[in-house]
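A look at the structure
One-letter residues, chain by chain:
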Amino acid sequence: MASEPIPLARPVLGEAEEQAVIDVLRSGQLSLGPRVAEFERAFAEMVGARRASAVSSGTAGLHLALRAVGVGDGDEVVTSPFSFVASANAALFERARPVFADIDPLTLNLDPHAAAAAVTERTRALLPVHIFGYPADMEAFDALAARHGLGIVEDACEALGGRYQDMRDIGQRENPAVFAFYANKQMTTGEGGMLTTGDAAVKERVDSERNQGRAPDMDWLDHDRLGFNYRLSDIACAIGLVQIGRLGTTIPARRRVADLYREALDATEGLTLPCEDQGRAQRGWFVFVVQLPHGVERDETIRALAARGIQSKPYLPAIHLMSFYRERFGHREGEFPVCEDVAARSIALPFFPEMSEGQVDRVAGELQSVLARAPA
Ligand SMILES: *Cc1c(COP(=O)(O)O)cnc(C)c1O
């Protein structure tokens with residue numbers, strides 16, 4: 001009976017990462033060293049981006065990306081309320097206002113029509129999020145941006161390995177796209193992020209602003225613009241280089257776990273599974289999030305699963321209904337009905353590349369048994 005608890009996420013790490021860290025430690029160059037550019041080149045090559053800049057987190061990358069497309073004081077950024085809080089917060093760092101628009105009920109991404117309706121004369125940029133790794137409708141956002149002269153920043157923090165409708169890998173477009181390397185992401189550097197762009201001027205600005213506003217040819221204490229310390233250390237970049245090498249197995253492994261879940265949960269009454277890939281778009285699998293049947297108590301379900309040794313969590317809560325956003329902007333229930341309905345019923349199930357078929361079956365079976373007992 002004593003089955004091991006199944007965690008929500010678990011990174012794939014091994015001796016190669018350990019050795020890479022030791023090598024950097026022994027080199028004596030722990031930051032601003034050769035691993036940073038190596039990691040950037042390898043990442044850019046992997047996603048087919050022309051340029052990439054390593055930063056200290058996905059959040060830091062989103063902040064610098066918004067600055068790079070010209071977002072500043074008093075501007076508005078149209079974005080999704082169904083995301084991790086960092087995508088909206090990044091606008092606030094620049095005293096800009098995140099303006100939410102509702103999501104598409106199938107893909108759970110920002111709905112282009114709702115986004116269009118949210119554009120005002122103060123809108124400066126669109127910030128679509130590829131939520132749960134599913135590519136946002138970039139063709140529609142391109143058209144909207146062109147119509148109003150807006151910048152675009154993609155939050156690709158959950159989307160490594162995904163493909164747009166035009167079959168290019170996420171991260172290949174001209175506008176900035178931001179990836180993240182926290183331990184639950186498709187690859188990890190502990191903490192970290194990467195900003196890809198086609199634009200040399202954007203890379204130059206980001207590289208300077210992540211490093212206190214220093215130009216590449218400047219001395220240590222010379223600064224020609226406002227900057228931050230958003231650098232990623234050589235230790236982290238060395239881990240990232242090894243992690244890139246694992247994606248050839250970990251990305252297909254995630255897809256396999258998703259397929260197993262789909263098979264095991266397909267016939268579960270009232271349960272909504274992640275949408276299948278539409279057309280030629282491809283999800284970069286990050287999490288496996290299900291929407292519980294209407295009327296089922298989400299938090300009670302999570303507690304019942306935990307009692308059976310299965311970790312799960314509400315994923316994601318609606319940003320506009322978080323206390324900080326309610327108080328600061330006066331948001332209320334009912335503003336974004338699709339987002340609110342999905343957010344209230346969504347839970348993330350355990351999902352990681354090394355999950356066995358037995359573990360998937362156990363999660364699926366326990367969820368089905370919990371749901372069968374839930375009052376309808
Ligand atoms: C993980 C994540 C981020 C932020 O990444 P950090 O590296 O933790 O700062 C931003 N947006 C989304 C959608 C994420 O999932």
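Residues numbered from 1 in each chain as written. Predicted model: local features only at pLDDT ≥ 70, side-chain atom pairs only at ≥ 80, totals over all residues. Heavy atoms only, no water.

**Some words on the domain arrangement of the protein**
- The assigned domain composition of the protein is domain 1 (15-243) and domain 2 (247-373).
- The C-alpha centroid of domain 2 is placed 25 Å from the C-alpha centroid of domain 1.
- In this complex, domain 1 contributes 41 residues to the contact, which on the side of domain 2 involves 38 residues.
- Applying the counting criterion to the domain 1 and domain 2 interface returns zero salt bridges.
- Counting across the interface, domain 1 meets domain 2 through 15 residue pairs in polar contact (both at pLDDT 80 or more).
- For the side of domain 1 that touches domain 2, the secondary-structure elements that each account for two or more residues are α4 (86-93) and β3 (97-100).
- For the side of domain 1 that touches domain 2, the leading source of residues is α4, giving four residues.
- Looking at the side of domain 1 that touches domain 2, its residues break down into 23 nonpolar, twelve polar and six charged. (Domains from an automatic or database assignment. Contact = heavy atoms within 4.5 Å. Salt bridge = Lys/Arg side-chain N within 4 Å of Asp/Glu carboxyl O. Polar contact = N/O pair within 3.5 Å; in protein donor to acceptor, adjacent residues only side chain to side chain. Helix = DSSP H or I, 4+ residues; strand = E, 2+ residues; numbered from the N terminus. Nonpolar A, V, L, I, M, F, W, Y, C, P; charged D, E, K, R; others polar.)

**Comments concerning the packing of helix α9 (residues 298-307) against helix α12 (residues 357-373)**
- It is the contact of α9 with α12, at a shortest axis distance of 10 Å, that shows an interaxial angle of 130 degrees. Between α9 and α12, the angle is such that the two are oblique. Read as a crossing pair, α9 and α12 show a hand that is right-handed. Where α9 approaches α12, its residues Thr301, Ala304 and Leu305 are matched on the opposing element by Glu366, Leu367 and Val370. (Axes fitted to C-alpha atoms, helices over the stretch in contact; angles between N-to-C directions. Parallel < 35°, antiparallel > 145°, perpendicular 65-115°, else oblique. Left-handed = near helix turned anticlockwise from the far one by under 90°.)

**A look at the sheet that holds strand β10 (residues 313-314)**
- Strand order in this open sheet of three strands is β9-β11-β10, and the pairing throughout is antiparallel. Here the strands that pair on one side only, and so sit at the sheet edges, are β9 (288-291) and β10.
- The strands touched by helix α11 (residues 337-345) within the sheet are β9 and β11 (346-349), with β11 carrying the most contacts at an inclination of about 45 degrees. (Pairing = 2+ DSSP bridges.)

**Some details on the side chain of Thr188**
- Looking at where Thr188 falls in the secondary structure, it is placed in the loop between β7 (177-180) and β8 (193-197).
- Within the local environment of Thr188, its side chain forms a polar contact with the backbone oxygen of Phe181, the two atoms lying 2.7 Å apart.
- In terms of polar contacts, Thr188 uses its side chain to reach the backbone amide nitrogen of Ala183, at 3.4 Å.
- Beyond its immediate stretch of four places on either side in the chain, Thr188 contacts Pro11, Leu13, Phe181, Tyr182, Ala183, Ile239, Gly240 and Gln243.

**Topic: the pattern of salt bridges**
- As enumerated under the stated definition, the model contains 24 salt bridges in all.
- One salt bridge in this structure joins Asp299 and Arg298, with 3.1 Å as the shortest N-O distance.
- Accessibility expressed as a relative area gives 33% for Asp299, which makes it partly exposed.
- Through salt bridges with shared partners, a single ionic network connects Glu40, Lys203, Asp207 and Arg210. (Buried < 20%, exposed > 50% of the residue type's maximum accessible area, 1.4 Å probe, protein only.)

**Brief notes about the site of the ligand**
- If you check the shell around the ligand, you find 13 residues, and the closest are Gly58, Thr59, Asp155, Glu158 and Lys185.
- The separation between an oxygen atom of the ligand and a polar main-chain atom of Gly58 is 2.8 Å.
- Measuring from an oxygen atom of the ligand, one finds a side-chain N or O atom of Glu158 at 2.6 Å.
- Protein contacts shield 92% of the accessible area of the ligand, which totals 390 Å² for the unbound molecule.
- Residue composition of the shell around the ligand, grouped by class: five nonpolar, five polar and three charged. (Near = heavy atom within 4 Å. Areas by Shrake-Rupley, 256 points an atom, 1.4 Å probe, with all protein chains shown as cover.)

**Structural notes on the nonpolar core**
- Counting 38 residues, the largest nonpolar core has Phe39, Phe43, Val78, Phe141, Phe179, Met187 and Met194 as its most contacted members.
- Of all the secondary structure elements, the ones that give two or more residues to this core are α2 (34-47), β1 (51-55), α5 (112-118), α6 (138-148), β7 and α8 (234-265).
- The element contributing the most residues to this core is α2, with five residues.
- In this view, Met187 contacts Phe39, Phe43, Leu160, Ala180, Phe181, Tyr182, Gly240, Gln243, Ile244 and Leu247; residues no more than four positions away in its chain are not counted.
- Formed by 27 residues, the second largest nonpolar core is a distinct cluster that contains Ala258, Trp285, Val296 and Val363. (Core = buried A, V, L, I, M, F, W, Y, C linked by side-chain atoms within 4.5 Å.)

**Regarding the packing of aromatic side chains**
- One pass over the structure, following the stated rule, counts 15 aromatic pairs.
- Relative to Tyr230, the ring of Phe228 has its centre 5.0 Å away and its plane inclined at 5 degrees; by these criteria the two rings are stacked. Take Phe228 and Tyr230: they sit in the same class, and that class is buried.
- Look at Trp285 and Phe288: their rings are 5.8 Å apart centre to centre, the planes differ by 15 degrees, and that puts the pair in the stacked class. When sorted by exposure, Trp285 lands in the same class as Phe288, which is buried.
- The rings of Phe100, Phe324, Tyr325, Phe329 and Phe336 are connected pair by pair, giving a single aromatic cluster.
- The ring of Tyr164 is capped by Arg173, whose NZ or CZ atom sits 5.9 Å from the centre of that ring.
- The cationic tip of Arg283 hangs over the ring face of Trp285; the distance from NZ or CZ to the ring centre is 4.8 Å. (Phe/Tyr/Trp six-rings, centres within 6.5 Å; stacked < 30°, edge-to-face > 60°. Lys NZ or Arg CZ within 6 Å of the ring centre and 35° of its normal.)

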